[in-house]
Amino acid sequence: MDLVEKQLSSELVYQGGFLKVHKDEVALPDGAASTREYILHPGAVAVLALTPDGKLVLERQYRYPAGREFVEIPAGKIDPDEVPAATARRELLEETGYAAERWTYLGTAYPCIGYSNERISYYLAEGLSQQGSRLDEGEFLEVLTVPVAQAMEMTLSGLICDSKSIVGLHWLAAHQAGRMPGVAV
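Described in the following lines is the structure provided in the data block. (Residues numbered from 1 in each chain as written. Predicted model: local features only at pLDDT ≥ 70, side-chain atom pairs only at ≥ 80, totals over all residues. Heavy atoms only, no water.)

Attention shifts here to the side chain of serine 116. Tracing the backbone shows serine 116 in the loop between strand S8 (98-109) and strand S9 (120-130). A polar contact of 3.2 Å, which involves the side chain of serine 116, links it to the backbone oxygen of isoleucine 39. (Helix = DSSP H or I, 4+ residues; strand = E, 2+ residues; numbered from the N terminus. Polar contact = N/O pair within 3.5 Å; in protein donor to acceptor, adjacent residues only side chain to side chain.)

What follows concerns helix H3 (residues 163-176). Here H3 contains 14 residues, and its C-alpha end-to-end distance of 20 Å stays within 8% of the 20 Å for a straight helix at 1.5 Å per residue. Within H3 the residues assigned to the buried category are Lys164, Ser165, Gly168, Leu169, Trp171, Leu172 and Ala174. Looking one or two residues beyond H3, the residue adopting positive phi is glycine 178, at roughly 80°. (Expected span 1.5 Å × (residues − 1). Buried < 20%, exposed > 50% of the residue type's maximum accessible area, 1.4 Å probe, protein only.)

Following the sequence through the fold, lysine 164 ends up in helix H3. The class for lysine 164 is buried, based on a relative accessible area of 11%. At 2.9 Å, the side chain of lysine 164 and the side chain of glutamate 72 are in polar contact. A distance of 2.7 Å separates polar atoms of two side chains, one belonging to lysine 164 and the other to aspartate 162. Ignoring anything within four residues of it in the chain, the contact list for lysine 164 reads Ala46, Glu72, Ile73, Ala75, Ile120 and Tyr122. (Contact = heavy atoms within 4.5 Å.)

Sheet architecture is open: 5 strands sit in the order S7-S4-S9-S8-S11, paired in mixed fashion. Because the sheet does not close on itself, it has two edges, and the strands there are strand S7 (75-77) and strand S11 (183-184). Strand direction decides the pairing type here: S8 and S9, joined by 10 bridges, are antiparallel. Counterpart to threonine 104 in the pairing with S9 is leucine 124. Across the sheet, H3 is in contact with strand S4 (44-49), S7, S8 and S9; its angle to S9 comes to roughly 70°. (Pairing = 2+ DSSP bridges. Axes fitted to C-alpha atoms, helices over the stretch in contact; angles between N-to-C directions.)

Turning our eyes to something else, we now look at the pairing of strand S6 (residues 68-72). The sheet contact formed by strand S5 (residues 55-63) and S6 spans 5 bridges and is antiparallel. Within S6, the position partnered with tyrosine 62 by the bridge is glutamate 69. Between S5 and S6, which pair antiparallel in sequence order, lie 4 residues; one of them, glycine 67, sits at a positive phi of approximately 70°.

Following this line, the structure appears as structure tokens:
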């Protein structure tokens, strides 16, 4: 069965600083027409950063769209003409002040497939050293370090509840168990 929807027309409804909202008319697999509204996103990275004593680096910050604070793994959007591995290095240093000696690419996930093309590339950062944070203007967050087992428990208690961090912690556990080897970058 062919499930592909074919674009008939596309309209840019909104273009912001880095997001674009489109409204398309599509032909469905049965030939009927429908509308699709979606967000084009430049992509992002998420970092599972482990300190030399094996603790996970987390951030606590306020997220305006949800109207609340979240505890999450470091992450950030990919700038134009930037490769994801470079984004991961930049974001970890800017947000947490940590630089890493070893980097491993774990995989890519799509967090919002119903309304966005956003993709998040996940990296493991090890051999950390503190270099001093360089937060972007208007960025406010608190850096935390917790044992990995405690971070996993935080997903079960709801303290860590964003999908990016939950996927990242799941993949970190698989990597540490030898079931997800990753690729050195």
